[in-house]
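As a plain string of letters, each chain reads:
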Amino acid sequence: MRNALESIALPAGAIAAALGVFGGIVALAGVNPVEVWVLLFKGAFGDSFSWQNTLQRAAPLMLTALCVAIPARAGLIVIGGEGALVLGGLACAALAHALPLPTNLIGTLLVCLAGALAGGLWIALAGWLRQYRGINETISSLLLAYVAIGLFKHLVEGPLRDPASLNKPSSPALDEGLLIGTIAGSDVHWGLAVGVLACLAAGLWLRLTPSGFSVRVVGGNPRAAQLVGLPATRLIVLACALGGAAAGVAGAIEVAAVHTSANAALIAGYGYAGILVSFIARHHPLAIVPVAILFGGFGAAGSLLQRRLGLPDASVLLLQGIAFVFILASEALRERDWKGLLALFGRFGPSEPVPLPPLTPLPGTGDKP
């Protein structure tokens, strides 16, 4: 019960503290922080248009957060989701350009599968380097993300470039039949449903299947996993591959549902924001869904802050960064002995007054008859 309360209270407190610090920073710029807070939530959840924009931004965040959460359950900290996302989008566009695909649901599934394969192999490489070469997966996945972005730019601006794209290099646009449509006539594409289902499937896999349980054992107690003979290396690479596949699907969906081609707009920081979403959700796939919606809303509100208050659109990135710092700091408070901590602070508080001894006259100064 206590762990459940801490899992909710600490992230909520960290977000509240981040909003407070963010308000203090904008106050130094001469902007009313209360107005900023109101516009943040109004731009995210104020009306149907705001909700649609929020949910559209939340879809890739769910999938890139899984790129962090699934390896984390195996004991790894992988932060290279941005690289898997851009390679997933690149693979989606490249397959549609290289092969004559059926312009129906099957073709859409094939380009998404190409994105999943590219992202999965890329993050699995970080797991392989960790297990077979002893290279820290956090560093390798981050560096691989930069390599992936460089590869993406080279191919989009070179071999895959559409000659018709002049000022904004991009790959040829996908055929109309390969594009992912919207839900019930709204502006929200079906990638949101994919993200929710992926989080649900990941949660059920980790909780109910033998392989998912084995991954959690490897992440929770590697020594015990070795003693019972679990194939730790294979499970770690599998967890990395599944996480990378989720981020790769996010890139493919962004191409097939939003941009219609692979271009620089795909490098929007969703992979890095997914790190924050996963940590706030404590790497629980089901908790990723509401957290992704919240931070998708903050991203959607950035343009409203710019229009109404003149703040930069990227100011929400500052809020995300502050929130990430507070989330990491809040981990130090987990499983803390709060009674002992309060008692410690009580020692330095005001104490009861100590009665002074009665005053006595100095020698030679007493009353004389």
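Residues numbered from 1 in each chain as written. Predicted model: local features only at pLDDT ≥ 70, side-chain atom pairs only at ≥ 80, totals over all residues. Heavy atoms only, no water.

1. Some thoughts on the overall build of the chain
- A tally of helices and strands in the chain yields 15 helices and zero strands.
- Out of the 369 residues belonging to the chain, those deemed buried represent 44%.
- Summing over all exposed atoms, the chain offers an accessible surface of approximately 18700 Å²; the carbon and sulfur share of this is 67%. (Helix = DSSP H or I, 4+ residues; strand = E, 2+ residues; numbered from the N terminus. Buried < 20%, exposed > 50% of the residue type's maximum accessible area, 1.4 Å probe, protein only. Areas by Shrake-Rupley, 256 points an atom, 1.4 Å probe, with all protein chains shown as cover.)

2. Description of the nonpolar core
- Ranked by internal contacts, the top residues of the largest apolar core, which has 98 residues, are V36, L40, M62, I288, F295 and L305.
- Ranked by residues supplied to this core, first place goes to helix 10 (residues 232–259) with 13 residues.
- Residues within four places of F295 in sequence aside, it is in contact with I15, L61, L276, V277, I280, Q320 and A323. (Core = buried A, V, L, I, M, F, W, Y, C linked by side-chain atoms within 4.5 Å. Contact = heavy atoms within 4.5 Å.)

3. What about the packing of helix 11 (residues 270–280) against helix 12 (residues 285–300)?
- Remark: helix 11 packs on helix 12, axes separated minimally by 9 Å, with the N-to-C direction vectors making an angle of 135°. In this view, helix 11 runs oblique relative to helix 12, as classed from their interaxial angle. Every pair of crossing elements has a handedness; the one defined by helix 11 and helix 12 is right-handed. Contacts from L276, V277 and I280 in helix 11 reach I288, V291, A292 and F295 in helix 12. (Axes fitted to C-alpha atoms, helices over the stretch in contact; angles between N-to-C directions. Parallel < 35°, antiparallel > 145°, perpendicular 65-115°, else oblique. Left-handed = near helix turned anticlockwise from the far one by under 90°.)

4. Some remarks on the packing of aromatic side chains
- Counted under the stated rule, the structure contains five aromatic pairs.
- With centroids separated by 5.5 Å and ring planes inclined at 75°, the aromatic side chains of F295 and F298 adopt a geometry described as edge-to-face. Residue F295 and its partner F298 are located together in helix 12, separated by three residues, close to a single helical turn. Comparing F295 with F298 shows no difference in burial state: the two are buried. (Phe/Tyr/Trp six-rings, centres within 6.5 Å; stacked < 30°, edge-to-face > 60°.)

5. Brief notes about the packing of helix 4 (residues 81–98) against helix 6 (residues 137–156)
- One way to put it is that helix 4 packs onto helix 6 with a least axis distance of 7 Å and a crossing angle of 25°. The angle between helix 4 and helix 6 places the two elements in the roughly parallel class. Judged by the sense of rotation from one axis to the other, the crossing of helix 4 with helix 6 is left-handed. Taken together, the residues of helix 6 that come into contact with helix 4 (itself represented by E82, G83, V86, L87 and L90) are A145, A148, I149, L151, F152, L155 and V156.
- Taken together, the residues that form the contact of helix 4 with helix 6 break down as ten nonpolar, one polar and one charged. (Nonpolar A, V, L, I, M, F, W, Y, C, P; charged D, E, K, R; others polar.)

6. Side note on the pattern of salt bridges
- The final tally for this structure, using the stated rule, is one salt bridge.
- The closest approach of N and O atoms between E137 and R130, which form a salt bridge, is 3.4 Å.
- Given a relative accessible area of 7%, E137 falls into the buried group.
- Residue R130 is classed as partly exposed on the basis of its relative accessible area, which comes to 29%. (Salt bridge = Lys/Arg side-chain N within 4 Å of Asp/Glu carboxyl O.)

7. Describing helix 5 (residues 105–133)
- An ideal rise of 1.5 Å per residue puts 42 Å on 29 residues; helix 5 measures up with 41 Å between its terminal C-alpha atoms.
- Looking at where helix 5 begins, the residue whose side-chain oxygen comes 3.0 Å from the main-chain nitrogen of I106 is N104. (Expected span 1.5 Å × (residues − 1). Polar contact = N/O pair within 3.5 Å; in protein donor to acceptor, adjacent residues only side chain to side chain.)

8. Some words on a nonpolar patch on the surface
- Nonpolar side chains collect at one region of the surface, where L197, L200, L204, L208 and L286 lie side by side and expose about 510 Å² of accessible area between them.
- When residues in the nonpolar patch are grouped by element, the largest group, four residues, is from helix 7 (residues 191–208).
- Along the chain, the position of L200 falls in helix 7.
- Overall, L200 belongs to the partly exposed group, its relative accessible area being 40%. (Patch = residues over 30% accessible without salt bridge, like charges linked within 9 Å, V, L, I, M, F, W, Y side chains within 5 Å.)

9. Observations concerning helix 8 (residues 210–220)
- All buried positions along helix 8 are accounted for by G212, S214, V215, R216 and V218.
- Packed against the buried residues of helix 8 are helix 3 (48–73), helix 7, helix 9 (222–227) and helix 10.

10. Comments concerning unusual backbone geometry
- The backbone phi angle of T260 is positive, close to 65°, even though this residue is not glycine.
- Its place among the elements puts T260 in the loop between helix 10 and helix 11.

11. Remarks on the side chain of H189
- Tracing the sequence through the fold places H189 in the loop between helix 6 and helix 7.
- Separated by 2.9 Å, the side chain of H189 and the backbone nitrogen of G191 make a polar contact.
- Among all residues touching H189, those that are not within four sequence positions of it are Q56, A59, G181, T182, I183, I253, E254, A257 and V258.

12. Looking at the environment of A256
- Turning to its location among the elements, A256 is positioned in helix 10.
- With near-sequence residues (within four places) excluded, A256 lies in contact with L174, L178, L179 and I180.

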